[in-house]
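Structural features, examined
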Amino acid sequence: MNTAPALIFVIEDELSIARLVQSVLVEFGFEVECFHTGASALRRLAVRRPDLCITDLGLPDMDGIDLVRQISQQCPCGLLILSGRGHTADRIMGLELGGDDYVTKPFEPRELVARVRSILRRRGQVPGGGQSESRRQACFLNWTLDCSANTLRADDGTEHLLGVAEVQVLRTFLERPHQILTREQLVGHRSLSPMDRSIDVRISRLRRKIEIDPMAPRIIKTVYGAGYVFSASVVWS
(Lines give C-alpha, C1' and ligand atoms only; values in the text may rest on other atoms or scores of the structure.)
Protein backbone atom coordinates (compact mmCIF):
# COMPACT_ATOMS: atom_id res chain seq x y z
CA MET A 1 0.00 0.00 0.00
CA ASN A 2 1.22 3.50 -0.91
CA THR A 3 1.47 5.55 2.30
CA ALA A 4 2.87 8.74 0.78
CA PRO A 5 0.82 11.89 1.32
CA ALA A 6 -0.89 13.50 -1.64
CA LEU A 7 1.39 16.00 -3.40
CA ILE A 8 -0.04 19.49 -4.03
CA PHE A 9 1.57 22.14 -6.24
CA VAL A 10 0.65 25.69 -5.15
CA ILE A 11 1.22 28.27 -7.89
CA GLU A 12 0.79 31.70 -6.30
CA ASP A 13 2.89 34.85 -6.64
CA GLU A 14 1.65 36.55 -3.45
CA LEU A 15 4.03 35.21 -0.81
CA SER A 16 1.62 35.67 2.12
CA ILE A 17 -1.13 33.71 0.38
CA ALA A 18 1.28 31.00 -0.75
CA ARG A 19 2.51 30.60 2.83
CA LEU A 20 -1.05 30.47 4.18
CA VAL A 21 -2.13 27.81 1.68
CA GLN A 22 1.02 25.79 2.25
CA SER A 23 0.74 25.89 6.04
CA VAL A 24 -2.91 24.78 6.16
CA LEU A 25 -2.32 21.99 3.63
CA VAL A 26 0.70 20.70 5.53
CA GLU A 27 -1.33 20.85 8.74
CA PHE A 28 -3.85 18.50 7.16
CA GLY A 29 -1.27 15.99 5.98
CA PHE A 30 -0.42 17.03 2.43
CA GLU A 31 2.99 17.41 0.83
CA VAL A 32 3.28 20.85 -0.77
CA GLU A 33 5.59 22.51 -3.28
CA CYS A 34 5.17 26.24 -3.96
CA PHE A 35 5.91 28.16 -7.17
CA HIS A 36 5.70 31.89 -7.78
CA THR A 37 5.56 31.75 -11.60
CA GLY A 38 3.80 29.58 -14.11
CA ALA A 39 7.04 28.76 -15.91
CA SER A 40 8.69 27.35 -12.77
CA ALA A 41 5.65 25.17 -12.10
CA LEU A 42 5.65 23.81 -15.65
CA ARG A 43 9.36 22.98 -15.43
CA ARG A 44 8.76 21.06 -12.21
CA LEU A 45 5.73 19.36 -13.73
CA ALA A 46 8.02 17.78 -16.30
CA VAL A 47 10.01 16.18 -13.47
CA ARG A 48 7.39 15.34 -10.84
CA ARG A 49 3.67 14.77 -11.18
CA PRO A 50 1.46 16.19 -8.41
CA ASP A 51 -1.90 14.80 -7.37
CA LEU A 52 -3.41 18.27 -7.55
CA CYS A 53 -2.43 21.81 -8.56
CA ILE A 54 -3.79 24.97 -6.94
CA THR A 55 -3.15 27.92 -9.21
CA ASP A 56 -3.77 31.64 -9.18
CA LEU A 57 -4.83 33.35 -12.42
CA GLY A 58 -2.94 36.61 -11.87
CA LEU A 59 0.64 35.40 -12.33
CA PRO A 60 3.55 37.71 -13.22
CA ASP A 61 4.89 35.76 -16.20
CA MET A 62 1.87 34.30 -17.96
CA ASP A 63 -1.90 34.33 -18.05
CA GLY A 64 -3.31 31.93 -15.48
CA ILE A 65 -5.98 30.65 -17.88
CA ASP A 66 -3.23 29.58 -20.28
CA LEU A 67 -1.44 27.85 -17.40
CA VAL A 68 -4.62 25.94 -16.54
CA ARG A 69 -4.83 24.78 -20.15
CA GLN A 70 -1.19 23.65 -20.22
CA ILE A 71 -1.42 21.80 -16.90
CA SER A 72 -4.60 19.97 -17.96
CA GLN A 73 -2.89 18.90 -21.20
CA GLN A 74 0.35 17.74 -19.57
CA CYS A 75 -0.83 16.05 -16.38
CA PRO A 76 -3.96 14.13 -15.32
CA CYS A 77 -3.93 15.76 -11.89
CA GLY A 78 -6.72 17.56 -10.11
CA LEU A 79 -6.80 21.32 -10.68
CA LEU A 80 -8.22 23.95 -8.36
CA ILE A 81 -8.21 27.61 -9.40
CA LEU A 82 -7.69 30.10 -6.55
CA SER A 83 -8.12 33.63 -7.80
CA GLY A 84 -9.21 37.15 -6.99
CA ARG A 85 -10.86 37.24 -10.40
CA GLY A 86 -14.45 36.35 -9.61
CA HIS A 87 -15.96 37.20 -12.99
CA THR A 88 -18.29 34.58 -14.40
CA ALA A 89 -16.33 34.52 -17.67
CA ASP A 90 -13.09 33.64 -15.84
CA ARG A 91 -14.84 30.93 -13.83
CA ILE A 92 -16.42 29.35 -16.90
CA MET A 93 -13.22 29.55 -18.93
CA GLY A 94 -11.20 27.96 -16.11
CA LEU A 95 -13.66 25.08 -15.80
CA GLU A 96 -13.91 24.66 -19.56
CA LEU A 97 -10.14 24.28 -19.85
CA GLY A 98 -9.89 21.55 -17.23
CA GLY A 99 -10.31 23.13 -13.81
CA ASP A 100 -12.14 20.97 -11.26
CA ASP A 101 -13.11 23.76 -8.89
CA TYR A 102 -12.85 27.55 -8.62
CA VAL A 103 -12.35 29.40 -5.31
CA THR A 104 -12.30 33.19 -5.12
CA LYS A 105 -10.17 35.29 -2.77
CA PRO A 106 -10.56 36.04 0.07
CA PHE A 107 -11.17 32.45 1.11
CA GLU A 108 -11.60 30.38 4.25
CA PRO A 109 -8.51 28.11 4.55
CA ARG A 110 -10.45 25.13 5.89
CA GLU A 111 -12.98 25.40 3.10
CA LEU A 112 -10.06 25.26 0.68
CA VAL A 113 -8.85 22.06 2.36
CA ALA A 114 -12.35 20.61 2.09
CA ARG A 115 -12.43 21.33 -1.63
CA VAL A 116 -8.98 19.79 -2.09
CA ARG A 117 -10.11 16.69 -0.20
CA SER A 118 -13.24 16.50 -2.35
CA ILE A 119 -11.25 16.53 -5.59
CA LEU A 120 -8.80 13.92 -4.32
CA ARG A 121 -11.60 11.76 -2.95
CA ARG A 122 -13.16 11.62 -6.39
CA ARG A 123 -9.81 10.36 -7.64
CA GLY A 124 -9.75 7.65 -4.95
CA GLN A 125 -6.88 9.24 -3.01
CA VAL A 126 -6.93 10.84 0.45
CA PRO A 127 -4.23 12.71 2.39
CA GLY A 128 -1.90 10.48 4.31
CA GLY A 129 -1.87 7.81 1.66
CA GLY A 130 -4.17 5.06 0.54
CA GLN A 131 -4.55 3.25 -2.72
CA SER A 132 -6.65 4.30 -5.62
CA GLU A 133 -9.64 2.10 -6.12
CA SER A 134 -9.19 -1.00 -8.22
CA ARG A 135 -9.05 -0.45 -11.93
CA ARG A 136 -12.56 -0.57 -13.37
CA GLN A 137 -13.79 -0.06 -16.88
CA ALA A 138 -17.24 0.87 -18.10
CA CYS A 139 -18.32 0.32 -21.70
CA PHE A 140 -21.20 2.16 -23.35
CA LEU A 141 -21.99 2.43 -27.05
CA ASN A 142 -18.54 2.60 -28.70
CA TRP A 143 -16.79 4.15 -25.67
CA THR A 144 -14.79 2.74 -22.75
CA LEU A 145 -14.09 4.70 -19.57
CA ASP A 146 -10.99 3.61 -17.64
CA CYS A 147 -11.64 4.90 -14.12
CA SER A 148 -8.06 4.30 -13.01
CA ALA A 149 -6.38 6.26 -15.80
CA ASN A 150 -9.15 8.87 -16.28
CA THR A 151 -9.23 8.04 -19.99
CA LEU A 152 -12.17 7.73 -22.34
CA ARG A 153 -11.45 5.65 -25.45
CA ALA A 154 -13.52 5.08 -28.56
CA ASP A 155 -13.44 1.91 -30.66
CA ASP A 156 -11.78 3.86 -33.48
CA GLY A 157 -8.80 4.70 -31.24
CA THR A 158 -9.87 8.22 -30.27
CA GLU A 159 -8.81 8.90 -26.68
CA HIS A 160 -9.61 11.71 -24.27
CA LEU A 161 -7.84 12.38 -20.96
CA LEU A 162 -10.61 13.57 -18.65
CA GLY A 163 -10.35 15.98 -15.76
CA VAL A 164 -11.32 14.86 -12.27
CA ALA A 165 -14.64 16.68 -12.37
CA GLU A 166 -15.54 15.18 -15.75
CA VAL A 167 -14.76 11.66 -14.51
CA GLN A 168 -16.89 12.20 -11.42
CA VAL A 169 -19.91 13.26 -13.47
CA LEU A 170 -19.48 10.59 -16.14
CA ARG A 171 -18.97 7.85 -13.59
CA THR A 172 -22.10 8.91 -11.71
CA PHE A 173 -24.03 8.66 -14.96
CA LEU A 174 -22.52 5.25 -15.78
CA GLU A 175 -23.34 3.85 -12.34
CA ARG A 176 -26.96 4.98 -12.65
CA PRO A 177 -27.97 4.89 -16.34
CA HIS A 178 -31.56 5.61 -17.38
CA GLN A 179 -32.19 7.46 -14.10
CA ILE A 180 -32.90 11.16 -13.71
CA LEU A 181 -30.05 12.65 -11.67
CA THR A 182 -30.18 16.11 -10.14
CA ARG A 183 -27.38 18.64 -10.47
CA GLU A 184 -26.62 18.12 -6.76
CA GLN A 185 -26.24 14.36 -7.25
CA LEU A 186 -23.91 14.87 -10.20
CA VAL A 187 -21.66 17.48 -8.60
CA GLY A 188 -21.65 15.87 -5.14
CA HIS A 189 -22.85 18.96 -3.22
CA ARG A 190 -26.07 18.89 -1.22
CA SER A 191 -26.43 22.68 -1.08
CA LEU A 192 -25.57 23.62 -4.65
CA SER A 193 -26.44 27.24 -5.42
CA PRO A 194 -29.00 27.74 -8.20
CA MET A 195 -26.50 30.17 -9.73
CA ASP A 196 -23.67 27.62 -9.78
CA ARG A 197 -23.23 26.60 -13.41
CA SER A 198 -20.18 24.34 -12.91
CA ILE A 199 -22.18 21.16 -13.53
CA ASP A 200 -23.52 22.58 -16.78
CA VAL A 201 -19.95 23.30 -17.90
CA ARG A 202 -18.93 19.71 -17.14
CA ILE A 203 -21.95 18.30 -18.98
CA SER A 204 -21.11 20.50 -21.98
CA ARG A 205 -17.51 19.24 -22.01
CA LEU A 206 -18.65 15.60 -21.89
CA ARG A 207 -21.20 16.12 -24.64
CA ARG A 208 -18.54 17.59 -26.94
CA LYS A 209 -16.55 14.38 -26.50
CA ILE A 210 -19.19 11.67 -26.82
CA GLU A 211 -22.17 13.12 -28.67
CA ILE A 212 -22.40 13.13 -32.47
CA ASP A 213 -24.18 16.47 -32.22
CA PRO A 214 -23.56 18.14 -28.82
CA MET A 215 -26.31 20.67 -29.57
CA ALA A 216 -28.85 17.85 -29.97
CA PRO A 217 -27.63 15.31 -27.38
CA ARG A 218 -28.95 11.76 -27.49
CA ILE A 219 -26.76 10.22 -24.74
CA ILE A 220 -26.75 12.82 -21.96
CA LYS A 221 -30.24 14.30 -22.08
CA THR A 222 -31.57 17.28 -20.19
CA VAL A 223 -34.77 16.74 -18.23
CA TYR A 224 -35.97 20.30 -17.78
CA GLY A 225 -36.73 21.20 -14.20
CA ALA A 226 -35.34 17.88 -12.92
CA GLY A 227 -31.75 17.24 -14.03
CA TYR A 228 -30.10 14.95 -16.55
CA VAL A 229 -30.41 11.33 -17.66
CA PHE A 230 -27.83 9.04 -19.28
CA SER A 231 -29.72 7.11 -21.94
CA ALA A 232 -27.18 4.43 -22.98
CA SER A 233 -26.75 0.93 -21.55
CA VAL A 234 -23.55 0.33 -19.56
CA VAL A 235 -21.43 -2.78 -18.95
CA TRP A 236 -18.85 -2.71 -16.12
CA SER A 237 -15.77 -4.95 -15.98
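Keep in mind that this is a model prediction, so the values were computed, not measured.

Where helix H6 (residues 164-175) meets helix H8 (residues 198-210), the closest approach of the two axes is 10 Å, and the angle between their N-to-C directions is 80°. Classed by the angle they form, the pair H6 and H8 counts as roughly perpendicular. Taking contact as the criterion, the partners of Ala165, Glu166, Gln168, Val169, Leu170 and Phe173 in H6 are, on H8, Ile199, Arg202, Ile203, Arg205, Leu206 and Lys209. Residues that form the contact of H6 with H8 fall into these classes: seven nonpolar, one polar and four charged.

Read across the open sheet, the three strands follow the order E10-E12-E11; overall the sheet is antiparallel. Every interior strand has two partners, whereas the edge strands, strand E10 (180-181) and strand E11 (220-223), have only one. When E11 meets strand E12 (residues 227-230), the two strands line up antiparallel, connected through four bridges. Bridged to Val223 within E12 is Gly227.

Here we come to the confidence of the model for the protein chain. Of the residues in the protein chain, 89% have a pLDDT of 70 or more, and the chain-wide mean is 84. Ignoring residues within four places in sequence, the model shows residues 127-135, a span with pLDDT below 50, making 24 contacts including any to other chains.

Counting residues in each nonpolar core, the largest one holds 26 residues, and the members touching the most others are Phe140, Leu170, Phe173, Ile220 and Phe230. Those elements that provide at least two residues to this core are strand E6 (137-140), strand E7 (143-146), strand E8 (151-154), H6, helix H7 (183-187), H8 and E12. Apart from the residues within four sequence positions on either side, Phe230 is in contact with Phe140, Leu170, Phe173, Leu174, Pro177, His178, Gln179, Ile210, Ile219 and Ile220. Val10, Ile17, Val24 and Leu80 belong to the second largest nonpolar core, which has 21 residues in total.

Criteria and thresholds
Residues numbered from 1 in each chain as written. Predicted model: local features only at pLDDT ≥ 70, side-chain atom pairs only at ≥ 80, totals over all residues. Heavy atoms only, no water. Axes fitted to C-alpha atoms, helices over the stretch in contact; angles between N-to-C directions. Helix = DSSP H or I, 4+ residues; strand = E, 2+ residues; numbered from the N terminus. Parallel < 35°, antiparallel > 145°, perpendicular 65-115°, else oblique. Contact = heavy atoms within 4.5 Å. Nonpolar A, V, L, I, M, F, W, Y, C, P; charged D, E, K, R; others polar. Pairing = 2+ DSSP bridges. pLDDT = per-residue confidence, 0-100. Core = buried A, V, L, I, M, F, W, Y, C linked by side-chain atoms within 4.5 Å. Buried < 20%, exposed > 50% of the residue type's maximum accessible area, 1.4 Å probe, protein only.

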